[in-house]
Amino acid sequence: NVFLFGETRVDKRSIIDLLVGQNIIDTALDAPYPMLKHIANVTLRRRRFQLWEVPSIALMGFLRRFVAKRRLRASYRKMYREGGTPLLLYCIRGPSAPTASRDYQDFTDIVGSANRVLIVAVVNGLEASLTNMDDWWTKYEGALKRLGMQFSNHACISSLPND
């Protein structure tokens, strides 16, 4: 299981399309796992992965956010029991500096710290940095750590089509 999460408007859908290799139409929340959208099954290097999108809950009011976190926690725990430790892809919109993310905090509170699960930062929107997109990471890695965000690894990408 691969979970893509991040704030609203970080273009998770483009990252998903890039991973899948085609445009994926929007899907509804998956009934057995409230708060998760099953996007696609993908095979990479003869290993099968299920891609799940976690909708942002950061902008919800207190009560809606509380309920959403409970549903997300229950869904995550059920999925963890059924399929083991997932990979978490935290989507960040570049090229500007990162800001504190309630979504990162909420989701890592639910699944555990970066020491217990693999969390990879995926920085998208680096079209202007096509020569060396990793420069973004070099420049802002310290800022992410100061914001309390820990990652096992990172990928700096452009999700523009090849056309």
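Throughout what follows, the structure given in this document is the object of discussion. Please read these numbers as outputs of a predicted model, since none were measured by experiment.

1. Brief notes about the overall build of the chain
- Within the chain one finds 4 helices and 6 strands.
- Expressed as a percentage of its 163 residues, the buried residues of the chain come to 45%.
- Taking the contacts inside the chain whose residues are at least 6 apart along the sequence as the reference set, 70% of them involve residues at least 24 apart.
- Just so you have it, the chain exposes about 9500 Å², and 50% of that area is on carbon and sulfur atoms.

2. Overview of the pattern of salt bridges
- Under the definition given, this model contains 3 salt bridges.
- The closest approach of N and O atoms between Asp 106 and Arg 65, which form a salt bridge, is 2.9 Å. Taken as a pair, Asp 106 in helix H3 (residues 102–111) and Arg 65 in helix H2 (residues 62–83) lie far apart in primary sequence, 41 residues in all.
- By relative accessible area, which is 12% here, Arg 65 ends up buried.
- Where Asp 106 meets Lys 69, a salt bridge forms, and the shortest distance between an N and an O atom there is 3.4 Å. Taken together, the positions of Asp 106 in helix H3 and Lys 69 in helix H2 put the pair 37 residues apart, joining distant regions of the chain.

3. So, the side chain of Lys 69
- Classification of Lys 69 by relative accessible area gives buried; the value is 19%.
- Within the local environment of Lys 69, its side chain forms a polar contact with the side chain of Asp 106, the two groups lying 3.4 Å apart.
- Those residues in contact with Lys 69 that lie beyond four places of it in its chain are Ile 57, Asp 106 and Ile 110.

4. Observations concerning unusual backbone geometry
- A cis amide bond links Gly 94 with the next residue in sequence, Pro 95, at an omega value of 0°.
- One can find Pro 95 in the loop between strand E4 (87–93) and H3.
- Phi at Arg 46 takes a positive value of approximately 65°, unusual for a residue other than glycine.
- Among the structural elements, Arg 46 can be located in the loop between strand E2 (37–44) and strand E3 (47–53).
- Judged by relative accessible area, which is 83%, Arg 46 ranks as exposed.

5. Points about the packing of aromatic side chains
- With the rule as written, the count across this model stands at 13 aromatic pairs.
- Measuring from centroid to centroid gives 6.5 Å for Tyr 76 and Phe 107, while their planes differ by 80°, and the two rings are edge-to-face. With Tyr 76 in helix H2 and Phe 107 in helix H3, this pair connects stretches of sequence that are 31 residues apart.
- A relative accessible area of 7% means that Tyr 76 is categorised as buried.

6. Comments concerning the environment of Gly 21
- Within the element layout of this structure, Gly 21 appears in the loop between helix H1 (12–20) and E2.
- Assessed through its relative accessible area of 64%, Gly 21 is described here as exposed.
- The sequence separation of Gly 21 and Val 42 amounts to 21 residues, and the corresponding C-alpha distance is 9.4 Å.

7. Remarks on empty space enclosed by the protein
- Across all of its chains, the model carries 1 cavity of 30 Å³ or more by this definition.
- In this structure, the largest cavity occupies an estimated 60 Å³ of space.
- Lining of the largest cavity is provided by Phe 5, Gly 6, Val 54, Pro 55, Ser 56, Ile 57, Leu 72, Asp 103, Asp 106 and Phe 107.
- Considering each element in turn, the lining of the largest cavity owes the most residues, 3 residues, to H3.
- Considering only residue class, the lining of the largest cavity consists of 6 nonpolar, 2 polar and 2 charged.

What counts as what
Residues numbered from 1 in each chain as written. Predicted model: local features only at pLDDT ≥ 70, side-chain atom pairs only at ≥ 80, totals over all residues. Heavy atoms only, no water. Helix = DSSP H or I, 4+ residues; strand = E, 2+ residues; numbered from the N terminus. Buried < 20%, exposed > 50% of the residue type's maximum accessible area, 1.4 Å probe, protein only. Contact = heavy atoms within 4.5 Å. Areas by Shrake-Rupley, 256 points an atom, 1.4 Å probe, with all protein chains shown as cover. Salt bridge = Lys/Arg side-chain N within 4 Å of Asp/Glu carboxyl O. Polar contact = N/O pair within 3.5 Å; in protein donor to acceptor, adjacent residues only side chain to side chain. Phe/Tyr/Trp six-rings, centres within 6.5 Å; stacked < 30°, edge-to-face > 60°. 1 Å grid on protein atoms, 1.4 Å probe; cavity = no way out; pocket = protein on both sides within 12 Å on 5 of 7 lines; lining within 4 Å. Points joined across faces, edges and corners; volume = space filled by probe spheres on them. Nonpolar A, V, L, I, M, F, W, Y, C, P; charged D, E, K, R; others polar.

Purely spatial values, then, with no claim about function.
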